[in-house]
Amino acid sequence: MADNLAGRPVEAAQSLTAALEEIERLDGSAPSRDRLELRCNTLITLALTDFMLSGMESAAARFAEAEIVIAQLGDPGLQARLDYQRASIYGRVGDLASAWDGLEGAVQRLDAFTPREQCSVHLSRGMLAFELSRPQQALESFAEAARLAHALGGVEQEFMARHNEGYAAYLLGDIPRSLAGMAAAELLSADVYRAPARLDRARVMLEAGLVREAADALQAGIADLPDEGHDQIRAEFDLELARAERLAGHLDRAAVAAASAIETYRRLGATAWVAKATLVALLVDLDRQRRTTRTGDPEGAETTVARAAAALADQLVEVAGELGDSELSDGARVVAAQALLLAGDAPAANTRLLSLERISSASLSDELDAAAVTATTLVATGDVGPARRILGRAARRLAAGQEGSASLDLRTARAVHGVRLAELDLDLAVPRGSGAVLEVLERWRSATDRLPSLGRPDDEQLASLTEQLRSVRGLMRRELDPEQLRELEVDASQLERLIRDRDWALSRRGTARPVPVRVREARAHLAAIDRDLVWFFRHRGRICGVGVIAGRAVLRDLMPASRATELAQRVRVDLRAAATHHLGPLSGAVWSSLRSSAAELDAGLLQPWRSSRGLVLVTCPEISGLPWALLASMRGRPLTMAVSVTSFARRGLGAVGGDGDVATTDRAAATTVHVSVGPAVPRASAEARAIARTWGSSSQIAEPSSRRELVGALARPGIVHVAAHGTHQVESPLFSSLVLHDGPVFAHELQPTGVRADHVVLSACEVGLETGRPGHESLGLALSLLSLGARSAVAAVAPVPDDVAAATMARHHELLAAGVPSDEALARAVAEIDDVAAAFLNLGGQYRP
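Residues numbered from 1 in each chain as written. Predicted model: local features only at pLDDT ≥ 70, side-chain atom pairs only at ≥ 80, totals over all residues. Heavy atoms only, no water.

Caption draft 1: Focus on the nonpolar core. The biggest cluster of nonpolar side chains holds 83 residues, and the ones touching the most others in it are F536, I623 and W628. Setting aside its immediate chain neighbours within four residues, I623 contacts F536, I543, A564, A568, R572, L605 and W628. (Core = buried A, V, L, I, M, F, W, Y, C linked by side-chain atoms within 4.5 Å. Buried < 20%, exposed > 50% of the residue type's maximum accessible area, 1.4 Å probe, protein only. Contact = heavy atoms within 4.5 Å.)

Pasting the structure below:
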């Protein structure tokens, strides 16, 4: 057996033949049954050796001899061992159906195998289930193999089982379980070659929409490969990296990675892989062409490149046919269709799609990509109605694909796969007018706000990792030498990675959905509370907007997106500078620049609406995070920054909360006020006392404040005020935090309990900032509060001096206590105190005590 495993079948045959002869010589010197069992096991092992040396016919002859012995003994256990060996041989020759039958027979009689052999049986069954496209059965087998391996202390087998269990979960669309299994395997101290496992994990991360994280993992994997050999796996890493960089919009990097993969595969003579890498390279070229300005010339450079890409894709269809690879063939036809669409030849593109054998739906991303190409082709051929139906189904499919996770990080990330579909849907809506645009924007924006509440239980592993990170962050705030600080930064980065791994792996528990609110109901709510709404969006290089002004929907083309982006960035930089009280001679120049940029934005974005009522704004990435109260049209005017029109209305109608369905009357009855005070904020105590005086006996100050007190207060209805330092983590927004006396409270820590607070006021600097992600989703501390159930929040998008923040917050609470709605209370407080207080925004919805 050892010779067989080591690939020495000749030596194995000699040993096993000698063993058979020795068994025959035993004759009556050993009990008959023992001798027959030994002979049978030897024949079963020899069958594999004969197969390796002479083929299936020789192996079958050995199996026939063994079955005669089994019949004599009437031993089902020996039959199970024979079935397993025969299944392994059938698998090698490609007779997968027979192999499966044999393995199923072995699984029915596992007691015939030792525990370690049982583990091997389940591993074999799982791998065969992969080959047969039976992921559920693969999942079951790998899970049992992992259990057995863990009990036996077989670390290498456990690594294989847990990793493959994760990959089977990925094939079933269960991303949290997939990432959990792969992360568990990665933590095992197994002496195994890890590159293939890391490649698989990066693929799953890419499917999950974690594009930057997947690219980082792939680059790290490439860097860890030895310089010599491993060309095949290196090319696979390059190919996945090309896909990741393309999805992230980094087309130059994607092109380099694809070219590297193509070159390596050609050197290896891997024809099918050359074709797959070439398809990715073609998609990158087509994306580049889409970015260029259309000349309208049918014989222009864009058309020439597109037709060349289509011709090459057609050649790859032929290559796939020769290889018998239907998946590659279909992929090449889809790329050819995209190229022909870009060249303006819609009928030819439609022909390519009609000849598809199938459109793969093994993954959400593949399914949505196919929907995008099909819908685009239908539009180009004039079948707009069917195209719109495809887009509607795709939006629902994307939302369904986000439901299973309990991680805000994962739920928002996956929206990247809907970007092309959302753009096409918007293209179709604009000619149909304001109502259609509003419906389409609502369809694709903030799927997380419409999903069931997270309902995630406490997780001991996550809690332990978070406590470790809290401790490291505490040490980093001390005065340390640069070397110590660098070591702590490495520790913090490692802990954050482990926390995100665990966070992604947690599945949602069943909880109620938020009460659905339709766009027409949202418009009625705006009228009832005397508010207008403007929703900004980018379309064909312009910032456009759809407004609901005095109950009437209006669509406007406003200004160039490039100019709006430039002005918005100037305002952000100038406001940060203006918040410093020691500008000296620069003060006039800074404020002049700030007001000039704000005036141009006001003229381009707000004045065209001619609205004088309180306003609800939904922004796009180009103009997010602005101090809107500095724009002349908004001075002293109620303003709420919302995620979508139905999100705003849902909060006003009492249809949002940690448990998914909280009645307005229940929440309004709870007017308690909790104030948490953090360390090292000079005016925090005075700010807290002023708020307590305003609210009287209904208020409670927690000083010194603990994390547990704040998390508990946020989980209850009422008002929560936090006077503490805060940070927004641009790269990892769920590690944005508020610093209390026992350490920072991270945004991700609020997920298990959810948030039921009606109004959360954060006087910390910058925690109103957000990190935009592809697919119109964003993350940040304040946005996490809203996504987890808060009705409304007040937070700043830039630093605000402590004295200005304290005065503004005190006045905001005075007006709130007098019955003024939160958006109006903040607007009046900002107008009365200081212009830099315009960094504070009312977010989510309108709150009135």
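Caption draft 2: Focus on the sheet that holds strand β9 (residues 726-727). If you trace the three strands from one edge of the open sheet to the other, you get β9-β10-β11, paired in antiparallel fashion. In this open sheet, the two strands that pair with only one neighbour each are β9 and β11 (743-746). In the sheet, β9 pairs with strand β10 (residues 737-740) via two bridges, with the strands oriented antiparallel. Residue pairing across strands places T727 opposite S737, the latter belonging to β10. Against the sheet, helix α25 (residues 460-476) contacts β10 and β11, and its axis sits at roughly 135° relative to β11. Across the face of the sheet, helix α33 (residues 707-714) comes into contact with β10 and β11 while running at roughly 25° to β11. (Pairing = 2+ DSSP bridges. Helix = DSSP H or I, 4+ residues; strand = E, 2+ residues; numbered from the N terminus. Axes fitted to C-alpha atoms, helices over the stretch in contact; angles between N-to-C directions.)

Caption draft 3: Representation of empty space enclosed by the protein within the structure. In the structure shown here, the tally under the stated rule is seven cavities of 30 Å³ or more. There is about 110 Å³ of room inside the largest cavity. Looking at the largest cavity, the residues that line it are A629, M634, R637, L639, D823, L826, A827, V830, A838, F840, L841 and N842. Among the elements of the structure, α36 (822-833) and β16 (840-843) are those that each provide at least two residues to the lining of the largest cavity. At four residues, the largest contribution of residues to the lining of the largest cavity is made by α36. A breakdown of the residues in the lining of the largest cavity according to their chemical character gives nine nonpolar, one polar and two charged. (1 Å grid on protein atoms, 1.4 Å probe; cavity = no way out; pocket = protein on both sides within 12 Å on 5 of 7 lines; lining within 4 Å. Points joined across faces, edges and corners; volume = space filled by probe spheres on them. Nonpolar A, V, L, I, M, F, W, Y, C, P; charged D, E, K, R; others polar.)

Caption draft 4: How the structure looks around the packing of aromatic side chains. Summed over the entire model, instances satisfying the criterion amount to seven aromatic pairs. The rings of F130, F142, Y167 and Y170 are connected pair by pair, giving a single aromatic cluster. When the ring centre of F63 is taken as origin, the NZ or CZ atom of R86, which lies over that ring, is 5.3 Å away. Over the aromatic face of W609 sits the side chain of R556, whose NZ or CZ is 5.5 Å from the ring centroid. (Phe/Tyr/Trp six-rings, centres within 6.5 Å; stacked < 30°, edge-to-face > 60°. Lys NZ or Arg CZ within 6 Å of the ring centre and 35° of its normal.)

Caption draft 5: Quick look at the environment of I233. With respect to the helices and strands, I233 occurs in helix α13 (residues 231-247). By relative accessible area, which is 11% here, I233 ends up buried. I233 sits 129 residues away from E104 along the chain, and the two C-alpha atoms are 33 Å apart. Excluding residues within four positions of it along the chain, I233 makes contact with Y193, A195, P196, L199 and L225.

Caption draft 6: Representation of the pairing of strand β12 (residues 759-762) within the structure. A two-sided burial pattern is seen for β12, the buried positions comprising H759 and V761 on one face and V760 and L762 on the other. Looking at chain direction, strand β8 (residues 719-723) and β12 are connected through four bridges and run parallel. Note on β12: the bridge partner recorded for I719 is H759. When β12 meets strand β15 (residues 792-796), the two strands line up parallel, connected through three bridges. What sits directly across from V760, in β15, is A793.

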